[in-house]
Amino acid sequence: MTKSVIVIGAGIVGVSSAIWLRRFGQEVTLVDRDGPGQGTSFGNAGLLAACAMVPVTTPGLITKAPKMVFDPDSPLFLRWSYLPRIAPWLVRYLKHANDRDTRRIAADLTDITADTVDQHFALTAGLAARDYLCKSDYVHAYSTRAEYEADRYSWELRREHGFVPAMIEGSAVQEFDPSFGPSITCLAVVKNHGFVTNPGGYVAALAREFEQMGGRIIKATVQDIETAEGERPRLITSVGELEADGVVLASGAWSKGLMAKLGLNIPLESERGYHIVMKDASGGPRVPSMISSAKFVATPMQMGLRCAGIVELGGLEAGPSDAPFALLRRKIAEAFPHLLFDCEETWMGHRPATTDSLPLIGEVRNTGVFTAFGHQHVGLTAGPKTGRLVAGLIADQPSNLDLQPFSPHRFGA
């Protein structure tokens, strides 16, 4: 049965949903206020992070976090003026910083991250956008072996889920990749990962191919979602009303307000992420490399070397802060002392973070509205699979994956 579906949000999750819905024979309209690939999907590290199932809320975070926000070399920042607003979210978030919850969250995230490379290649089957994809190793770079050992808990979790690193130490580090300076003496290299050479361009290319499949794209702001028993969902937008048999809500950190219109108060906040692109760079890493001391990933891209990461808690409204960029510059210079580039480009964006580090995937009651947001650090990684899962629910081709951990109703009203 052919249905009409509106997808709200043209990032990687929304565009993936739209493409899979078209492949399942549905009539699809993609709505976004800025256009495809212009939001959070534009500014990520480009990494297909198959082993990124370990949440930030590992045991011990409650005692570490206060020290981190006062340390100028820490990758965690807080806009103090925003603390009163985010405090209730923080309390709920930190409650998950225990072994039991961490293991549960890691197992659930593995279901949507571990096969990311295969999912991106399935999404781009027969499409020109596949040219943006590269298979690669994923390197975690540490100053010392002791720094790696301090991450033992996370690496044990990765091992349990099938990701065992190859260790490279001492002079072998520079033999493996000469871009690393003497401050890096230990590498943990994980196979079977990948990256995107231009994330914004990739999503935009996917959107163009969605249009070639017969999909429609509208540039508009969605102001309200109206649902009623027995009625089709209706969207109130900046260009008028739109109605469809189904709606996919994939607008990332901006989804909370629309969920409130549906009667659900979702504990969702922005983890503000930063990146610097060194244009026309040389002397950078040959594959995506996580610099552990500052928790950023350096990825070789079409436009140069992109260094992306950092966590700043500060909401959706404030502009970028100077301190995260300053930290990135210091740590980039330490890790890659031979790096040369023409100029730099900076960016700040919003990663949608729930209090339990899991996205929302599923239908809101029986409204015909389906959620596909809240991926925190793994939006690009899990976007194609999330899109496929949601499209299957709408097109009556459900997956055998248990989606209960991702239920939009798990937080109550």
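Described below are features of the structure shown in this document. (Residues numbered from 1 in each chain as written. Predicted model: local features only at pLDDT ≥ 70, side-chain atom pairs only at ≥ 80, totals over all residues. Heavy atoms only, no water.)

Here the structure, examined in full by the defined rule, presents zero disulfides. In this structure C51 is a free cysteine whose sulfur lies 15 Å from that of C186, the closest cysteine sulfur available. Under the relative-accessibility criterion, C51 is labelled buried at 2%. The thiol of C307 is unpaired, and the distance to the nearest cysteine sulfur, on C343, comes to 14 Å. A relative accessible area of 0% places C307 in the buried class. (Disulfide = S-S within 2.5 Å. Buried < 20%, exposed > 50% of the residue type's maximum accessible area, 1.4 Å probe, protein only.)

Turning to the packing of helix α5 (residues 116-123) against helix α12 (residues 379-394), a few remarks are in order. Close contact between α5 and α12 brings their axes to 8 Å; oriented N to C, the two are set at 60°. The pairing of α5 with α12 is recorded here as oblique in orientation. Here α5 and α12 pass one another in a crossing that is left-handed. Only L380, T381, P384, K385 and R388 of α12 make contact with α5, whose side of the interface consists of T116, Q119, H120, A122 and L123. Residue classes in the contact of α5 with α12 are distributed as four nonpolar, four polar and two charged. (Axes fitted to C-alpha atoms, helices over the stretch in contact; angles between N-to-C directions. Helix = DSSP H or I, 4+ residues; strand = E, 2+ residues; numbered from the N terminus. Parallel < 35°, antiparallel > 145°, perpendicular 65-115°, else oblique. Left-handed = near helix turned anticlockwise from the far one by under 90°. Contact = heavy atoms within 4.5 Å. Nonpolar A, V, L, I, M, F, W, Y, C, P; charged D, E, K, R; others polar.)

Take the pairing of strand β17 (residues 344-354) next. Within β17, eight of the 11 residues are buried, which leaves the element mostly enclosed by the surrounding structure. Pairing geometry for strand β13 (residues 268-279) and β17, over 11 bridges, is antiparallel. Paired with L268 across the two strands is T354, which belongs to β17. (Pairing = 2+ DSSP bridges.)

A separate point is helix α9 (residues 199-212). Over its 14 residues, α9 extends 20 Å from the first C-alpha to the last, a length consistent with the 20 Å expected when each residue adds 1.5 Å. Burial within α9 is extensive, with 11 of its 14 residues counted as buried. Along α9, the residues that are buried comprise P199, G200, G201, Y202, V203, A204, A205, L206, A207, E209 and F210. With its phi angle positive at about 105°, G214 sits one or two positions after the end of α9. (Expected span 1.5 Å × (residues − 1).)

The next subject is the packing of aromatic side chains. Per the stated rule, a full pass over the model turns up nine aromatic pairs. The interplanar angle of 80° and the centroid separation of 5.5 Å between the aromatic rings of Y142 and Y148 together place this pair among those described as edge-to-face. Residue Y142 is classed as buried on the basis of its relative accessible area, which comes to 0%. Taken together, the ring pairs in this structure connect Y142, Y148 and W155 into an aromatic cluster. Its end group placed over the ring of W20, R23 keeps NZ or CZ at 4.8 Å from the ring centre. One cation-aromatic arrangement involves R158 over W155; the distance from NZ or CZ to the ring centre is 4.4 Å. (Phe/Tyr/Trp six-rings, centres within 6.5 Å; stacked < 30°, edge-to-face > 60°. Lys NZ or Arg CZ within 6 Å of the ring centre and 35° of its normal.)

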